[in-house]
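# Structure assessment
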Amino acid sequence: MDPSGISKLMLIGTMGMLTLAIGIIVFVIFHQRKVIRYQLKMKQLESEKQQTLLDASIRFQEEERQRIAADLHDDAGPLLATARLYLNENLVNLEKAQQLQSIISAKQIIDDAISLIRNISHSLMPPTLKNFGLESASSDLFQKINGSGIINATARFHDYRDRLKVEQELLVFRIVQELVNNVLKHSSAGFIHLTQNANAENMYFRIHHDGRGIAQADFHRLNKASQGLGLKNIASRVAVLNGSILFEIDPSQTYYKVTIEVPKLSVI
Amino acid sequence: MGVFLFYITAHSILSALCYYFVYFQNSFTNYNSCLKVNLIVEFICLFIFICIEIQNRFRFYLLIFLFVVFFSIFTFEQVNYSMNEFKNGSTLFEFFALIVLTIYYFYERLSRFDIEKSIVNKTFIIIIGLFLYFTGNFFFMLLVEISKSSTSEIKSNLTVIYCSITIIKNIIIAIGLSLPEKPENPDNFIPFAGELETNTIQNTHNPS
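I will try to describe carefully the structure that is included in this document.

How each quantity is defined
- Residues numbered from 1 in each chain as written.
- Chains lettered and ligands numbered in written order.
- Predicted model: local features only at pLDDT ≥ 70, side-chain atom pairs only at ≥ 80, totals over all residues.
- Heavy atoms only, no water.
- Helix = DSSP H or I, 4+ residues; strand = E, 2+ residues; numbered from the N terminus.
- Buried < 20%, exposed > 50% of the residue type's maximum accessible area, 1.4 Å probe, protein only.
- Contact = heavy atoms within 4.5 Å.
- Areas by Shrake-Rupley, 256 points an atom, 1.4 Å probe, with all protein chains shown as cover.
- Pairing = 2+ DSSP bridges.
- Core = buried A, V, L, I, M, F, W, Y, C linked by side-chain atoms within 4.5 Å.
- Expected span 1.5 Å × (residues − 1).
- Arc of directions from axis to C-beta.
- Phe/Tyr/Trp six-rings, centres within 6.5 Å; stacked < 30°, edge-to-face > 60°.
- Axes fitted to C-alpha atoms, helices over the stretch in contact; angles between N-to-C directions.
- Patch = residues over 30% accessible without salt bridge, like charges linked within 9 Å, V, L, I, M, F, W, Y side chains within 5 Å.
- Salt bridge = Lys/Arg side-chain N within 4 Å of Asp/Glu carboxyl O.
- Parallel < 35°, antiparallel > 145°, perpendicular 65-115°, else oblique.
- Left-handed = near helix turned anticlockwise from the far one by under 90°.
- Nonpolar A, V, L, I, M, F, W, Y, C, P; charged D, E, K, R; others polar.

What chain B contains, in helices and strands, is eight helices and zero strands. Along chain B, from the amino end to the carboxyl end, the secondary structure elements read α-α-α-α-α-α-α-α. In chain B, which comprises 208 residues, the share counted as buried stands at 45%. Excluding contacts between residues fewer than 6 apart, the proportion of contacts in chain B whose partners are at least 24 apart in sequence is 74%. Summed over all atoms, the accessible surface of chain B reaches about 11,300 Å², with 66% contributed by carbon and sulfur.

To continue, consider the overall build of chain A. When helices and strands are counted, chain A shows seven helices and five strands. Looking at chain A as a whole, 38% of its 268 residues qualify as buried. Element-wise, carbon and sulfur atoms account for 57% of the exposed surface of chain A, whose accessible area totals about 15,700 Å².

All names here are of chain A. Summarising the sheet, strand β4 (residues 244–249) and strand β5 (residues 256–263) pair through six bridges and their orientation is antiparallel. Residue pairing across strands places Phe247 opposite Val258, the latter belonging to β5. Counting the residues between successive antiparallel strands, the hairpin from β4 to β5 contains six residues, one of them, Gln253, with a positive phi of roughly 60 degrees.

Below, the discussion takes up the environment of A:Ser188. Tracing the backbone through its elements, the reader meets A:Ser188 in the loop between α5 (166–187) and β2 (191–198). Setting aside residues up to four positions removed in sequence, A:Ser188 forms contacts with A:Val183, A:Gly211 and A:Arg212.

Among the nonpolar cores identified, the biggest contains 59 residues, and B:Phe4, B:Phe47, B:Phe106, B:Leu130 and B:Phe134 are the most heavily contacted of them. Put simply, the parts of the chain that give this core at least two residues each are α1 (3–86) of chain A together with α1 (2–25), α2 (28–53), α3 (59–80), α4 (89–111), α5 (122–136), α6 (138–147) and α7 (152–178) of chain B. Excluding anything up to four places from it in sequence, B:Phe106 contacts A:Ile24, A:Ile25, A:Val28, B:Phe124, B:Ile127, B:Ile128 and B:Phe131. Core analysis: the next-biggest nonpolar cluster, separate from the first, contains 39 residues, A:Ile145, A:Ile192, A:Met203 and A:Val238 among them.

Turning our eyes to something else, we now look at α3(B). All names here are of chain B. Helix length check: α3, at 22 residues, gives a terminal C-alpha distance of 31 Å against a target of 32 Å (1.5 Å per residue), a fit within 8%. Considered for burial, the residues of α3 that qualify are Leu63, Leu66, Phe70, Phe74 and Glu77. Along the axis of α3, the buried residues cluster in a sector spanning 70 degrees; they form a single face. Away from the buried face of α3 by more than 90 degrees, exposed residues Tyr61, Ile64, Phe65, Phe76 and Val79 are located.

The next point concerns the packing of aromatic side chains. Residue and element names in this part refer to chain B. For the structure shown, the criterion picks out 24 aromatic pairs over all chains. Look at Phe70 and Phe71: their rings are 5.2 Å apart centre to centre, the planes differ by 80 degrees, and that puts the pair in the edge-to-face class. For Phe71, a relative accessible area of 28% gives the class partly exposed. Following the ring pairs from residue to residue traces out a cluster consisting of Phe43, Phe47, Phe67, Phe70, Phe71 and Phe74.

Our focus in this paragraph is the sheet that holds β4(A). All names here are of chain A. Spatially, β1-β2-β3-β5-β4 is the arrangement adopted by the five strands of the open sheet, whose pairing is mixed. In the strand order of this sheet, the two ends are held by β1 (152–157) and β4, each with one partner. Recorded for the sheet is a direction-independent mean angle of 15 degrees between the axes of neighbouring strands. Across the face of the sheet, helix α4 (residues 134–147) comes into contact with β1, β2 and β3 (202–209) while running at roughly 165 degrees to β1.

All names here are of chain A. Where nonpolar side chains cluster on the molecular surface, the patch consists of Leu80, Tyr86, Leu87, Ile103, Ile110 and Ile114 and spans about 500 Å² of accessible area. Of all the elements in the fold, those that place two or more residues in the nonpolar patch are α1 and α2 (96–124). It is α2 that provides the largest number of residues to the nonpolar patch, a total of three residues. Classification of Ile110 by relative accessible area gives partly exposed; the value is 34%.

All names here are of chain A. Judged by how many residues are buried, β5 sits mostly within the fold: seven of eight residues are covered. Two elements, β3 and β5, share eight bridges in a ladder whose sense is antiparallel. Counted as the bridge partner of Tyr204 is Glu261 from β5.

As a further point, take the packing of α4(A) against α5(A). Residues and elements named next belong to chain A. As a packed pair, α4 and α5 sit with axes 10 Å apart at the nearest point and diverge in direction by 15 degrees. In terms of orientation, α4 and α5 fall into the roughly parallel class. Handedness of the α4/α5 crossing: right-handed. On α5, the residues touching Leu134, Ala137, Ser138, Leu141, Phe142 and Ile145 of α4 are Glu169, Val172, Phe173, Val176, Gln177, Val180 and Leu184. Split into classes, the residues belonging to the contact of α4 with α5 amount to ten nonpolar, two polar and one charged.

Let us now look at the pattern of salt bridges. All names here are of chain A. The tally for this structure, following the rule as stated, stands at eight salt bridges over all chains. Here Asp111 makes a salt bridge to Lys107, at a shortest N to O gap of 3.6 Å. Of this pair, Asp111 and Lys107 both sit in helix α2, four residues apart, roughly one helical turn. The residue Lys144 makes a salt bridge to Asp140 at a minimum N-O spacing of 4.0 Å. In this pair, Lys144 and Asp140 are both assigned in helix α4, four residues apart and thus about one turn of the helix distant. Residue classification places Lys144 among the exposed positions, given a relative accessible area of 61%.

Set out below in structure tokens:
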């Protein structure tokens, strides 16, 4: 090979290799920038989602506090004030019969106040759930709904021996309550049915009803909407449980089903 | 990074020694010996450096395999040629293997890219510098044997190309080394306040 040929070959070869190398590097860098943008977008979306759930949780807590405050102020307050009126200082100056009447009335009012406070307490933590578990609490809830005669409600736990932790059971119970509440309010269903199954890793709760319902896409859409707390609370609780929730319509289009999957070894 | 810093130091000292042997002692035997030691140090350090960055679980087997092949070629050259000659077989293998390994490193980076390992990353910039150096000088190493018999004008042309690429490599590596260590980003996870029920249970258990 003549010397100028070597020089030319070397120049072309080096330029070719360098172009190839720069091409590879540019491709890697641009691809990484693209991935970074995508990951940042995903992170932002995730952050927004968490913020929404956080807002929903805070709003829910505030509403719950306001409700308890209103119950205590509007119901328990007047009851106790009335009882106090019956038991005022003049009671000792009254006749025996009037004294007895006042004491009986005051006792009646205090009993009412106790009952009211018990109801508030039970709405915070159902005693059946605390004492006997999710199966009993759910059966109790569905029996009460069924007893109203408006809707046919049943609950069946196939693997009732499998238990979640108390905290998990309470979260699941709240989700079921919210879902049942939604069905009663919006769906005009004729029946509602809760079933429970379990395998080695997960526990599954499924609610069927034959009224108007929503699909998974509607759940995501409503969950992002600024109004309405119920579905956001459901999503928030499912996230705390590390589980998942699926809203489906039966292929026959006759009934809707909601499936909640809860891992048995959850972090909470 | 320690391996790379060791390589830079050793490479600088050995290069200085090479120039000393050529220009002050005029001893090509010492010069060639020094070049060979430089080659071995470069091979060992750079392969260890890149293999540490690669996540593949077979990387250590790969490293051993490459070492075996490299030292086989190197030993073959030493046995069959005199000390005064510098054969390019082991150098070519080093260049080729490093180019392939670097491309694999890029591929791995693309396939399992983590946002925390951003583009402005010491190792990535250094490997880019090395990649440009090895690809740019591959033809130089390939034709170095043929060019030995060529005119001084061509030799100077080749030297210009080699030196230009080496300068570019050194600038890129200097930029890479001057980059600060990336501080760990604080986790921007928003705490989740959905534990109302848990608190309720605790309150129920502890009425006080």
